[in-house]
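So the chains spell out like this:
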Amino acid sequence: MGGIFLHTIALVGNPNSGKTTLFNALTGSNQHVGNWPGVTVEKKEGKFKYKGVQYNVVDLPGTYSLGAYSEDEMIARDYILKGNPDVVINVVDATNIERNLYLTTQLIEMGAKVVVALNMMDEAKQKNIEIDLCSLSKGLGVPVIATIASKSKGLDDLIERAIQYANESENSLLSFSYGENIDREIERIKTVLEESNIEYPAKWIAVKLLEGDQGIYSLVEEDTHPIKERLFSLGHKATEYELEIVDKRYDFIGSIVSKAVKKPVDTVETTTDKIDKIITHKYLGLPIFALIMYIVFQLTFVIGGDLLGGYVAGLVETLGEYAVGLLTMVNSPEWLKSFVSEGIFGGVGAVFEFIPLITVLYFFLGILEDTGYMARAAYIMDGLMRALGLHGKTFISMIVGFGCNVPGIMATRTLDNKKDRMIALLINPFMSCGARLPIYLVFIAAFFPSHGGTVLFALYTLGIVVALIVGKVFSKTLFKGEISHFIMELPPYRLPIFKYVIRDMWDKVWDFLHRAGTIIFVVVSLLWILSVFPLGVEPYSQESILGRIGTILAPIFAPAGFGTWQATVSLFAGIAAKEAVVAILGMVYAGVSEGSQLVSALQNVFTPLTAISFMVMTLLYTPCAAVIGTVKRETNSAKWAVFMAVYPFVLGWVLAVLIYQVGRLLGF
Amino acid sequence: MDSMALVSLKPNQSGIIKEISGGCKARKRLYELGLYKGASFKVVKNDIGPIILSLSGHKLALGRGIAHNVFVEH
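All values derive from a computational prediction rather than experimental measurement. (Residues numbered from 1 in each chain as written. Chains lettered and ligands numbered in written order. Predicted model: local features only at pLDDT ≥ 70, side-chain atom pairs only at ≥ 80, totals over all residues. Heavy atoms only, no water.)

Peer 1: For the overall build of chain A, give the residues involved together with the corresponding values.
Peer 2: Of the regular secondary structure elements, chain A holds 29 helices and nine strands. Against the globule reference of 26 Å for 668 residues, chain A gives a C-alpha radius of gyration of 28 Å, in line with a compact fold. For the C-alpha atoms alone, the extent of chain A along its principal axes is close to 85 × 55 × 55 Å. Going through the 668 residues of chain A one by one, you find that 56% of them count as buried. For chain A, restricting intrachain contacts to residue pairs at least 6 apart in sequence, the fraction spanning at least 24 positions comes to 75%. Put simply, chain A shows about 28,200 Å² of open surface, and 61% of that area lies on carbon and sulfur atoms. Treating the 55 positive side-chain charges of chain A as one cloud and the 63 negative ones as another, the clouds have centres 3 Å apart. (Helix = DSSP H or I, 4+ residues; strand = E, 2+ residues; numbered from the N terminus. Rg over C-alpha atoms; globule rule 2.2 N^0.38 Å. Buried < 20%, exposed > 50% of the residue type's maximum accessible area, 1.4 Å probe, protein only. Contact = heavy atoms within 4.5 Å. Areas by Shrake-Rupley, 256 points an atom, 1.4 Å probe, with all protein chains shown as cover. Lys, Arg positive; Asp, Glu negative; His and termini not counted. Charge placed at Lys NZ, Arg CZ, Asp CG, Glu CD.)

Peer 1: Pulling in residues and values, what's your account of empty space enclosed by the protein?
Peer 2: If a probe the size of a water molecule is rolled over the atoms, the empty space left behind becomes visible. Residues and elements named next belong to chain A. By the definition in use, this model includes one cavity of 30 Å³ or more. Here the largest cavity is characterised by a volume of approximately 180 Å³. As for the largest cavity, its lining consists of 22 residues, of which Cys 404, Cys 433, Ala 435, Arg 515 and Glu 579 are closest to the centre. Those elements that provide at least two residues to the lining of the largest cavity are helix H17 (405-411), helix H21 (498-517) and helix H28 (625-635). If one sorts the elements of the lining of the largest cavity by residue count, H21 sits on top with four residues. Taken together, the residues that form the lining of the largest cavity break down as 13 nonpolar, three polar and six charged. (1 Å grid on protein atoms, 1.4 Å probe; cavity = no way out; pocket = protein on both sides within 12 Å on 5 of 7 lines; lining within 4 Å. Points joined across faces, edges and corners; volume = space filled by probe spheres on them. Nonpolar A, V, L, I, M, F, W, Y, C, P; charged D, E, K, R; others polar.)

Peer 1: How would you explain the confidence of the model for chain B if you had to name every residue and give the values?
Peer 2: For chain B, per-residue confidence averages 86 on the pLDDT scale, and residues scoring 70 or more make up 99% of the total. Complex prediction metrics read pTM 0.78 and ipTM 0.91. (pLDDT = per-residue confidence, 0-100.)

Peer 1: Could you give an account of the sheet that holds strand S1 (residues 3-5) of chain B, with specific residues and numbers?
Peer 2: Overall, antiparallel pairing links the seven strands, which are arranged S9(A)-S5(B)-S4(B)-S3(B)-S2(B)-S6(B)-S1(B) in an open sheet. Bordering the open sheet on either side are strand S9 (487-490) of chain A together with S1 of chain B, each of which pairs with just one other strand. Direction aside, neighbouring strands of the sheet carry axes that sit 40 degrees apart on average. In this sheet, strand S6 (residues 70-73) of chain B lies alongside strand S2 (residues 14-20) of chain B in antiparallel orientation, the contact comprising four bridges. Bridging from a neighbouring strand, Glu 19 of chain B pairs with Phe 71 of chain B of S6 of chain B. (Pairing = 2+ DSSP bridges. Axes fitted to C-alpha atoms, helices over the stretch in contact; angles between N-to-C directions.)

Peer 1: Tell me about the environment of Val 627 of chain A, and name the residues and values.
Peer 2: All names here are of chain A. For Val 627, the location among the structural elements is in helix H28. Residue Val 627 is classed as buried on the basis of its relative accessible area, which comes to 2%. Between the C-alpha atoms of Val 627 and Met 644, which are 17 residues apart in sequence, the distance is 8.8 Å.

Peer 1: Got a sec to walk through the pairing of strand S1 (residues 8-13) of chain A? Specific residues and values, please.
Peer 2: All names here are of chain A. Here S1 lies mainly inside the structure; six of its six residues are buried. Residues of S1 alternate between two faces, with Thr 8, Ala 10 and Val 12 on one and Ile 9, Leu 11 and Gly 13 on the opposite face, all of them buried. Here four bridges tie S1 to strand S3 (residues 53-59), and the two strands are oriented parallel to one another. Looking across to S3, one finds that Ala 10 is bridged to Val 58. Summarising the sheet, S1 and strand S4 (residues 87-93) pair through five bridges and their orientation is parallel. By the bridge assignment, Ala 10 is partnered in S4 with Val 88.

Peer 1: Help me get a handle on the interface of chain A and chain B, residues and values and all.
Peer 2: Counting residues at the interface gives 34 residues for chain A and 30 residues for chain B. Taking both sides of the interface into account, the surface hidden between chain A and chain B amounts to around 3,100 Å²; carbon and sulfur atoms contribute 60%. Taken together, chain A and chain B are joined by six salt bridges. Of the charged contacts, one joins Lys 28 of chain B and Glu 211 of chain A as a salt bridge, the two residues approaching to 2.9 Å between their closest N and O atoms. Counting across the chain A and chain B interface gives 14 residue pairs in polar contact (both at pLDDT 80 or more). Contributing elements (two or more residues each) for the side of chain A that touches chain B: helix H3 (97-109), helix H10 (237-260), helix H11 (271-279), helix H15 (373-387) and S9 of chain A. Ranked by the residues each element gives to the side of chain A that touches chain B, the list is headed by H10 of chain A, at six residues. In terms of residue class, the side of chain A that touches chain B is made up of 11 nonpolar, eight polar and 15 charged. Sheet topology note: the S9 of chain A/strand S5 (residues 58-62) of chain B ladder contains four bridges and is antiparallel. Bridge assignment links Met 488 of chain A to a residue of S5 of chain B, and that residue is Ala 61 of chain B. (Buried area = accessible area lost by both parts, 1.4 Å probe. Salt bridge = Lys/Arg side-chain N within 4 Å of Asp/Glu carboxyl O. Polar contact = N/O pair within 3.5 Å; in protein donor to acceptor, adjacent residues only side chain to side chain.)

Printed below as a string of structure tokens:
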């Protein structure tokens, strides 16, 4: 009743403007970040309390503009238009003000309630850039607050002003001239629009239509025929106008900036420049990249495996024994004991043992991402990628895929060309995700304990090589046409803020745990039931339902050397979730050997050669259900989802068979 | 001063964007990324792979294909 209640704050800004840092600083540790499978990756949401009132913060994807250029831009635009945020905080990089304000002008034109957070003021100061906030605010007609998100400075001011501004009824509607001709066209379209009672600012719609933005028609409910006709009659002038509009926006920005900002003409060579001289060097770039990845995997193995892995494995084992002991004490039935020891501790527990490794891998990938190295990796790889008919940016989605293929596929949204994007999306699952790691680890422990890092590196490299070759084939067959241009910002190097790296890492580990506790638990429980029925048969034996199903399907894998019903069942369970492969192996082999000694059980049924062919199969075959679902959603086509499920299976099978048969001929 | 293609500039040379030819979509994208008419820049790297420019200290990598279409004043 008293005043308007503020609910939602949206964060918008250029990539690398410190938007996510601001989001992290605002939401602190008391947040819920849904940025991983199952949860939407489109936008992160968090909550924070200020003076006893709770607020929602929505972190939208970083964009340079709000056109229909890429998926990211459309998500951000749609949210601002239809999500009805009470206020939009536009994060502007103070060291790169002209380009950042390009987005700001569009936001204000859209009629959003914009508060500018002029961020990275410390860096601006370092570069001797002087900014007159009052003059800037006056020019734009919206509040401007100085912030340093990385040091949590200026946040209270920002929030205070944002809340206050949201409650003001006044709203700035920027008005500047696009030149006589365009202004006239805008007026013309506006008149038509205003007759149809649209809920968005008519001028903005008119400008967007003149910019050739087809997506805008969906916002105009009434008959758009006269508008379309008018635009069509512009003919070749339309292109001219489109670019003219951008020019005029920059003119307007220039007029504000020239009054409000003073910056030195020549910039000195920065640390970033010095590092880049080596990192992006024409000969050194690629070997350095390979070395960095190699070190990451070696460290993952040493820290996560050798140093920490044993503790968790020991803990799982102890807990398992304790639980069974407890069940024996209360005289619980045999089947329950079997379910707990083999199903839960043998199966789900086998997945838990790899948490330290996954944690460490996520940690290092997070650091690479936060330092700004990822953009360099894309730059370095562009030459090679281009030779293969792929866009350099594809590589970023591939590296993200190392964590999980779902966000990897989401990351292909930054590829604006449909052809580039489809290829990037279809090859992403060959990037070995965190969930597949336990499979390799258990086989490495059984067969290659002294060469863990090397085997791991080789598998990941194989995934990359297969992805690149398949990409090349697709660009020659399914998706012909030019690769779009490489245009990418190389952000300055930054020291990662460990608090946030660790937090992001925990989010991902938590998700892994969550999956282990839910989907994998369900899969394991179902398969456990199948493995003890029909009653009377030896549990986990070939006579069980599970054993019989596996036996029927096993011949498929016989040519690859692992035609056992156990391996077969685990592979099919892996399509539900990759973690289930180890869980099922753990469960069915826990039945044949004492304790949960999966490693020693594997040594009895696999050979080093079949271990390799099995690992290659799990690396390449059908991605998990979450990935297939994501492909369906992103391509909006069931056909591609089916394709995604089938072709990797065939490819993985062929390669596994090849490895086994050739290896056998060579006498392994 | 005559305008020349961006690809012909050497590292550490600076210039001003004069004109961008080629597809409208790519052109607009370059504008949006700060390569608008009149923007001044410095070439950071130009050997193999995309050219790296510095726009008031901010780096932008630009594929060689499109760099042929960017005309600058040196």
